Amino acid sequence: MTTTKLATEAATGNSWSRPARGDLVIGFSFSLWPDSSPGRCNELIAKSIRADLARASSHSLPWVGLQWEIYDALAELNTTGFVAAQFVPARAVAGPDGFQPADIRDAGGLIDLLRDGRFPAVRRLADALTIPRETDSASAPASLCAAFNGILDDRWLFEAFDGLVDLADLDRRVDRPELGCLGTEKRRLPTRGLYPNGLRTFQARRVNRLLIEAIVPVRLLARGEYLDAGRVARHVLGTLDVSSIGAVCVYAHPHHRDRCRQQTLTALRERGWTGRDDDAGFGGEPADWDDLHTWDADSAQVWCRSRDNWDAYSRL
């Protein structure tokens, strides 16, 4: 696709015809469900990406980077005839944070907690972890960090905590009191038995991080950062040489996509990209977003459940 073609489509709101080498396909999540599954909006975004990738020439593949909910939804669409997820390098997925040694705020207190057998949830967490017995104060943060990261990808870990742990909802009113109930993101453990093959790849990482945070007090362990559109764009662009990017195609919810495009352009400029703003357009067909699909009443994020909620949230 030429720059002129993409610029025309960006202006009209139509999707591009075929991704090509040197293009960047970038997908942003819109909401998710309380058990960290992608939800209907992200499934629709993933279907749009899959349809366009299926039209790409095998000799001119684009770069693809996605927010983790979109990747999980895309992987669900894999078939024997076309594996869409093969286009997405693992490093180009902006996923839930892993643990860093700096997240361990009180190593001694955390080790004491894990060795205290009074609480069933703490006992089960300690049993799941592999922490060397000879861990001393100097090596404790790194050892604890490695132990926590070692269970983040366990797709069945949540089952051991069924009935023992409730995940804390995200309440953005702590930092943004004006948001009121619109700032709430509901969170819960997946239902036992609903995932016989285990959780999705990044769903597991998010659930397990939240599970650990629900058991370990914040005074001992830092919480992961909220993953907004700017962080997604910076993560994806940090995995490739932006000077080689020609056209950019942003896949996002129709009421979110302008912000996602602007955040992508900002991140590109920060890395020295010299393309034009109109080299960045949108993917997907606007007609796909009818009243049935545009809003998800089952969304974990209250601000994404309806047009009224979204408009009020956007004003705030």
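Keep in mind the model is a prediction, meaning the values are calculated, not measured.

So, how was this worked out
Residues numbered from 1 in each chain as written. Predicted model: local features only at pLDDT ≥ 70, side-chain atom pairs only at ≥ 80, totals over all residues. Heavy atoms only, no water. Disulfide = S-S within 2.5 Å. Axes fitted to C-alpha atoms, helices over the stretch in contact; angles between N-to-C directions. Helix = DSSP H or I, 4+ residues; strand = E, 2+ residues; numbered from the N terminus. Parallel < 35°, antiparallel > 145°, perpendicular 65-115°, else oblique. Left-handed = near helix turned anticlockwise from the far one by under 90°. Contact = heavy atoms within 4.5 Å. Nonpolar A, V, L, I, M, F, W, Y, C, P; charged D, E, K, R; others polar. Salt bridge = Lys/Arg side-chain N within 4 Å of Asp/Glu carboxyl O. Buried < 20%, exposed > 50% of the residue type's maximum accessible area, 1.4 Å probe, protein only. Right-handed = clockwise from strand over helix to strand, strands pointing away. Phe/Tyr/Trp six-rings, centres within 6.5 Å; stacked < 30°, edge-to-face > 60°. Lys NZ or Arg CZ within 6 Å of the ring centre and 35° of its normal. Polar contact = N/O pair within 3.5 Å; in protein donor to acceptor, adjacent residues only side chain to side chain.

A. Local environment of the state of the cysteines. Within this structure, the stated rule accounts for 0 disulfides. With no disulfide of its own, Cys41 lies closest to Cys304 among cysteine sulfurs, the gap being 7.4 Å.

B. Just the packing of helix H8 (residues 229-237) against helix H9 (residues 257-270), in detail. One way to put it is that H8 packs onto H9 with a least axis distance of 9 Å and a crossing angle of 45 degrees. Between H8 and H9, the angle falls in the class oblique. Judged by the sense of rotation from one axis to the other, the crossing of H8 with H9 is right-handed. For the pair H8 and H9, contact is made by Ala229, Gly230, Ala233, Arg234 and Leu237 and by Cys260, Gln263, Thr264, Thr266, Ala267, Leu268 and Glu270, respectively. Of the residues belonging to the contact of H8 with H9, the class tally is 6 nonpolar, 4 polar and 2 charged.

C. Summary view of the pattern of salt bridges. A full pass over the atoms with the stated rule returns 16 salt bridges. When the shortest N-O distance is used, the salt bridge between Asp52 and Arg55 registers 2.2 Å. Given a relative accessible area of 3%, Asp52 falls into the buried group. What makes Arg55 partly exposed here is its relative accessible area of 37%. Members of the salt-bridge network, linked through shared partners, are Arg40, Asp296 and Asp298.

D. Looking closely at the pairing of strand S2 (residues 63-67). Among the 5 residues in S2, 4 count as buried, and that is most of the element. Each parallel crossover has a hand, and for S2 linked through helix H3 (residues 68-76) to strand S3 (residues 93-94) it is right-handed.

E. Summary view of the packing of aromatic side chains. Scanning the entire structure with this criterion turns up 7 aromatic pairs. Ring centres of Phe82 and Phe87 lie 5.7 Å apart, and the angle between their planes is 50 degrees; on these two criteria the pair is classed as tilted. With respect to burial, Phe82 and Phe87 carry one shared label: buried. Through a chain of ring-to-ring contacts, three or more aromatic side chains come together here, namely Phe30, Trp295, Trp303, Trp310 and Tyr313. Above the face of the Phe99 ring, Arg209 is positioned so that its terminal group lies 4.0 Å from the ring centre. If you follow Arg257 out to its NZ or CZ, it ends over the ring of Phe282, 4.0 Å from the centre.

F. Structural detail: the environment of Arg123. You can see Arg123 is positioned in helix H5 (residues 120-128). Judged by relative accessible area, Arg123 falls into the partly exposed class, the value being 38%. Counting along the chain gives 10 residues from Arg123 to Leu113, while the straight-line C-alpha distance between them is 9.3 Å. Beyond its immediate stretch of four places on either side in the chain, Arg123 contacts Gly117 and Arg118. Of the polar contacts made by the side chain of Arg123, one reaches the backbone oxygen of Gly117; its length is 2.6 Å.

G. View of the packing of helix H2 (residues 40-54) against H3. At a minimum axis distance of 8 Å, the contact between H2 and H3 shows a crossing angle of 65 degrees. Taken as axis vectors, H2 and H3 run roughly perpendicular relative to one another. The two elements H2 and H3 meet at a crossing, and its hand is right-handed. Mapping the contact onto sequence places Asn42, Glu43, Ile45, Ala46, Ile49 and Arg50 in H2 and Glu69, Ile70, Ala73 and Leu74 in H3. Tallied by class, the residues present in the contact of H2 with H3 amount to 6 nonpolar, 1 polar and 3 charged.

Remember, this is a structural readout, not a statement about activity or role.
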